[in-house]
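# Structure assessment
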Amino acid sequence: MNVDPSKGLGRALFAALTQLAQSSSHPELASAKLILLGFSGTGSLVGRLAEFAPDRVLAVIPTDPGHFDPLGVDTISLSPKAAAIPHLILTGSADAVSGTQRPYAYFRRYFDQNAPWTFVVQNRAPHCCIMNAKVLILEWLDAVVVQKMTRITGRYGFIETRPSEATDCPDQTPPVRSSWCRSTKDTWGGENWSVNSATVERRPNPPRRMMPAGWLPTERFAKRWVSFVTQPEHPVTLPP
């Protein structure tokens, strides 16, 4: 997969929308604003698409984001305009592929520059099952796309973490899909971690022994976020 949007899927996406606009007699599709969601390698792609076409992107949702070096999330470079697009970054605490360290470092790089970004962890989840976050994602999209909330309003989330202890392949029968196995480390040997507790504050200053997890645009989303990230274990099977 070529996650450089200037050479591969990015150009194809916008070309396809232009063709669809012509063939459907809906010219507005050629300039429609997009909500981008990508899993794993495409999590790296959607982050880069925000830089490639910031005027076309409303929100970005990188889930379990990562890719082979040198095109992982650690090498994404965003302009202030692209970083100002709301991002909801979802990770699994036992992800043996993308892990928690690199996605969190990507989040902090831009959140610390006042980007309206939010970080989410699925406890004991491997490299899969992002559909379990569907309700949370829709709640966030309602806040940032429909209600158009900004960092002037809302609250901030903080998490206390602990090292991940999960090392199994849940609910799998041979042949085992290794990417769905839980691990204490990611592909690069980075240590994975889970959320032990979470809290919400009105200011971005972290309480003692806690680390920032981003901007929570509404009180309703903040409550759902706390409930989600403190769930002891997220199901590996996909919901119906």
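Below or above, wherever it landed, is the structure these notes cover. The shown structure was predicted, so the numbers you read here are calculated from the model rather than taken from an experiment.

Rules used in this analysis
Residues numbered from 1 in each chain as written. Predicted model: local features only at pLDDT ≥ 70, side-chain atom pairs only at ≥ 80, totals over all residues. Heavy atoms only, no water. Disulfide = S-S within 2.5 Å. Buried < 20%, exposed > 50% of the residue type's maximum accessible area, 1.4 Å probe, protein only. Helix = DSSP H or I, 4+ residues; strand = E, 2+ residues; numbered from the N terminus. 1 Å grid on protein atoms, 1.4 Å probe; cavity = no way out; pocket = protein on both sides within 12 Å on 5 of 7 lines; lining within 4 Å. Points joined across faces, edges and corners; volume = space filled by probe spheres on them. Nonpolar A, V, L, I, M, F, W, Y, C, P; charged D, E, K, R; others polar.

## As for the state of the cysteines
In a disulfide, the sulfur atoms of two cysteines are held together by a covalent bond. Taken as a whole and judged by the stated rule, the model has two disulfides. Between Cys128 and Cys129 runs a disulfide, and the two sulfur atoms are separated by 2.3 Å. Looking down the S-S bond of the Cys128 and Cys129 bridge, the torsion is -75°, so its handedness is left-handed. When sorted by exposure, Cys128 lands in the same class as Cys129, which is buried. In this model Cys169 forms its disulfide with Cys181; the gap between the sulfur atoms is 1.9 Å. With the S-S bond torsion at 100°, the cross-link from Cys169 to Cys181 turns out right-handed. Taken together, the positions of Cys169 in the loop between β5 (155–163) and β6 (193–201) and Cys181 in the loop between β5 and β6 put the pair 12 residues apart, joining distant regions of the chain.

## Topic: the layout of surface pockets
Taken as a whole, the largest pocket encloses approximately 210 Å³ of empty space. Along the walls of the largest pocket sit 15 residues, with Leu58, Ala84, Ile85, Pro86 and Val144 positioned nearest its centre. Contributing elements (two or more residues each) for the lining of the largest pocket: β2 (57–63) and α5 (134–146). The class makeup of the residues in the lining of the largest pocket is 11 nonpolar, one polar and three charged. Counted as a void, the second largest pocket has a volume near 170 Å³. Lining the second largest pocket we find Met1, Ser40, Gly41, Gly66, His67, Phe68, Val97, Ser98, Thr187 and Trp188.

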